[in-house]
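One letter stands for each residue in the lines below.
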Amino acid sequence: MEEKRQNELREFYHRQLLEDIIPFWMKYSLDRQYGGYFTCLDRDGSVYNTDKYAWLQGRQIWMFSKLYNEMEPRPEWLEVATLGVNFICEHGFDRRGRMYFAFTRDGRPLYKPWDIFSETFAIIGLAEYSRATGDVGILKRAQKLYWNVIRRVKRGDLSTHTVPKTREVETLAIPMILLVTTQELEQVSPAPRFSDIIDNCLQKILYLHACDEKKALFENIAPDGSRLDSPRGRCISPGHAIESVWFILREGKQRNDRKIIDRALQILDWSLEWGWDREYGGLFYFVDSEGKPPEQLEWDMKLWWPHTEVLYALLLAYHLSGEKVYWDWYEKVHEWTFNHFPDPQYGEWFGYLHRDGTSALYLKGSMWKGCFHLPRSLFLGMKILEKIEKA
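Since we're looking at a predicted model, the values are computed, not measured. (Residues numbered from 1 in each chain as written. Predicted model: local features only at pLDDT ≥ 70, side-chain atom pairs only at ≥ 80, totals over all residues. Heavy atoms only, no water.)

Visitor: Help me understand the overall build of the protein in this model?
Guide: Within the protein, the regular secondary structure consists of 12 helices and 14 strands. A globule of 391 residues ought to have a C-alpha radius of gyration of about 21 Å, and the protein, at 20 Å, matches this closely. Projected onto the principal axes, the alpha-carbon positions of the protein cover approximately 55 × 50 × 40 Å. In the protein, which comprises 391 residues, the proportion classed as buried is 57%. A fraction of 66% describes how many contacts in the protein between residues 6 or more apart in sequence connect residues 24 or more apart. (Helix = DSSP H or I, 4+ residues; strand = E, 2+ residues; numbered from the N terminus. Rg over C-alpha atoms; globule rule 2.2 N^0.38 Å. Buried < 20%, exposed > 50% of the residue type's maximum accessible area, 1.4 Å probe, protein only. Contact = heavy atoms within 4.5 Å.)

Quick look at the structure:
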């Protein structure tokens, strides 16, 4: 019975990905006049804002390149990826080689470089594209961008609106994004130096941001790992925590390191307990670890991306542990997610729900929501379900 269910889910994900999600973005997001992708899409796919955002360009390049490389070498998928590569290579960078955050439709910069996230998604997109095309120049561009990011992180050259000398803060987003960026680049072009960077990221996430006393993975900590007595220091983002978990599980599997896997599973258990809404179902966006009012007004909303991340994390956890508790969690999350986010009329998913699961916004894309978390989860979910069946 369980094997039959796994096969059904794999086929369901395949249909969702190739008959709904990918066709939606191919139909509505491509700017064939100026290049790149529209991501501000209304419910029916119509464009409500022609501005473009660097990190979503990189993400969509990665997604279509990955499909081309690991699912089927369809020329139309490579064409979509090329549209994004040409746009960011022509318009994406300032004179110092830093990426802008946003552009007008025709590529004129709107916002200056913003942290390192534009660059990290460009790195994985360009690297995966180079794998699809064999373009050594594109790969070298990705590698140069990567090492520039590493140097900036080491010297603390991150765009921020805080005054770091007053209260030094280390955010989970940095080791998390460096971990997955390094993993993706390593798949395309391995390098010995990646090992130390990954080890550093693992140490920070597993033993500094993760707090055994509170059984929580905190978003923000002091540089020495101590907790910050402020709303920011008490903040838990269940989606971020669980996304980090599957990056770590993947690394533990790669190394065949049970210690890494078990620690990641422990954090997954904590994060599910903190995040799951026992009254309405679904994952809270933010939680205060002391039960005090979160400073984020959207704390109790249900967003699409944490749910896509937890679905894949639970499948991977079940595959690596064999523990039925993760399959039971997966079924519960799967049912709630697919009962609330998909749009049966126009396709794709609503991104933003109220706490009770009703839609807060009917848009399908924005400066935050693009062609990434959902198709990535469906694609990776298909692959892991196939492995589960074989096992």
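The rest of the description comes next.
Visitor: Can you help me understand the sheet that holds strand 5 (residues 109–111) in this one?
Guide: Hydrogen bonding along the main chain pairs the strands of a sheet, whether they run parallel or antiparallel. Pairing is antiparallel in the open sheet, where three strands are placed in the order 3-4-5. Of all strands in the sheet, those bounded by a partner on one side alone are strand 3 (52–53) and strand 5. Bridge analysis of strand 4 (residues 102–103) against strand 5 gives two bridges, and the strand direction is antiparallel. Note on strand 5: the bridge partner recorded for A102 is Y111. (Pairing = 2+ DSSP bridges.)

Visitor: What's the story with helix 11 (residues 324–340) in this structure? I'm lost.
Guide: Each full turn of the α-helix corresponds to 3.6 residues, which orients residues three or four apart in the same direction. For helix 11, built from 17 residues, the straight-helix expectation of 24 Å at 1.5 Å per residue is met to within 8% by its first-to-last C-alpha distance of 25 Å. Taken together, the buried positions of helix 11 are occupied by Y326, W327, W329, Y330, V333, H334, W336, T337 and F338. In the core, the buried residues of helix 11 are packed alongside helix 1 (2–28), helix 9 (258–275), strand 12 (302–303), helix 10 (304–321), strand 13 (352–353) and helix 12 (373–390). (Expected span 1.5 Å × (residues − 1).)

Visitor: What is the right way to look at the nonpolar core in this model?
Guide: Soluble globular proteins tend to pack their nonpolar side chains together in the buried interior. With 130 residues, the main nonpolar core has Y13, L249, L268 and L314 as its most contacted residues. Element by element, the count of residues in this core is highest for helix 10, at 12 residues. Once residues within four sequence positions are removed from consideration, L314 is found in contact with L268, L272, Y326, W329, Y330 and V333. Among the nonpolar cores identified, the runner-up in size contains seven residues, and F218, I221, I236 and V287 belong to it. (Core = buried A, V, L, I, M, F, W, Y, C linked by side-chain atoms within 4.5 Å.)

Visitor: Explanation requested: the packing of helix 8 (residues 238–255) against helix 12 in the structure shown.
Guide: A packed helix pair is summarised by two numbers, namely the angle formed by the two axes and the spacing between the axes. Where helix 8 meets helix 12, the axes come as close as 14 Å, and the angle between the chain directions of the two elements is 40 degrees. The element helix 8 and its partner helix 12 pack so that their crossing is left-handed. Packed against helix 8, whose contacting residues are E243, W246, F247 and K253, the element helix 12 presents H373, R376, L380 and K387 at the interface. A per-class count over the contact of helix 8 with helix 12 returns three nonpolar, one polar and four charged. (Axes fitted to C-alpha atoms, helices over the stretch in contact; angles between N-to-C directions. Left-handed = near helix turned anticlockwise from the far one by under 90°. Nonpolar A, V, L, I, M, F, W, Y, C, P; charged D, E, K, R; others polar.)

Visitor: Before we go on, may I ask you to explain the sheet that holds strand 14 (residues 359–361) in this structure?
Guide: In spatial order, the strands read 12-13-14; together these three strands make up an open sheet with antiparallel pairing. Each edge of the sheet is formed by a strand with only one pairing partner; in this case those strands are strand 12 and strand 14. Direction of pairing for strand 12 relative to strand 13: antiparallel, over a ladder of two bridges. Its bridge partner lying in strand 13, K302 is registered against L353.

Visitor: Explain the side chain of S189 to me, please; I cannot follow it from the model alone.
Guide: For S189, the location among the structural elements is in the loop between helix 6 (173–188) and helix 7 (194–209). With relative accessibility at 15%, the residue S189 sits in the buried group. In this structure the side chain of S189 is engaged in a polar contact, spanning 2.9 Å, whose partner is the side chain of Q143. With near-sequence residues (within four places) excluded, S189 lies in contact with L139, Q143 and F194. (Polar contact = N/O pair within 3.5 Å; in protein donor to acceptor, adjacent residues only side chain to side chain.)

Visitor: Looking at this structure, how should I read helix 8?
Guide: For helix 8, built from 18 residues, the straight-helix expectation of 26 Å at 1.5 Å per residue is met to within 8% by its first-to-last C-alpha distance of 26 Å. Most of helix 8 is tucked away: 14 of the 18 residues are buried. The first or second residue beyond helix 8 is N256, which carries a positive phi of 55 degrees.

Visitor: What am I meant to see in the packing of aromatic side chains here?
Guide: Pairs of aromatic rings are described using the distance from one ring centre to the other and the angle between the two planes. Within this structure, the stated rule accounts for 31 aromatic pairs. Ring geometry for W246 versus Y312: centroids 4.9 Å apart, planes at 90 degrees, classification edge-to-face. Here W246, found in helix 8, pairs with Y312, found in helix 10; they are 66 residues apart in sequence, far enough to count as distant. Y312 carries the same exposure label as W246, and that label is buried. Taken together, a centroid distance of 5.5 Å and an interplanar angle of 65 degrees make the contact between W304 and Y352 edge-to-face. Of the two residues, W304 sits in helix 10 while Y352 sits in strand 13, which places them 48 residues apart along the sequence. Y352 shares its class with W304; the two are buried. (Phe/Tyr/Trp six-rings, centres within 6.5 Å; stacked < 30°, edge-to-face > 60°.)

Note that all results are geometric; they support no functional claim without further evidence.
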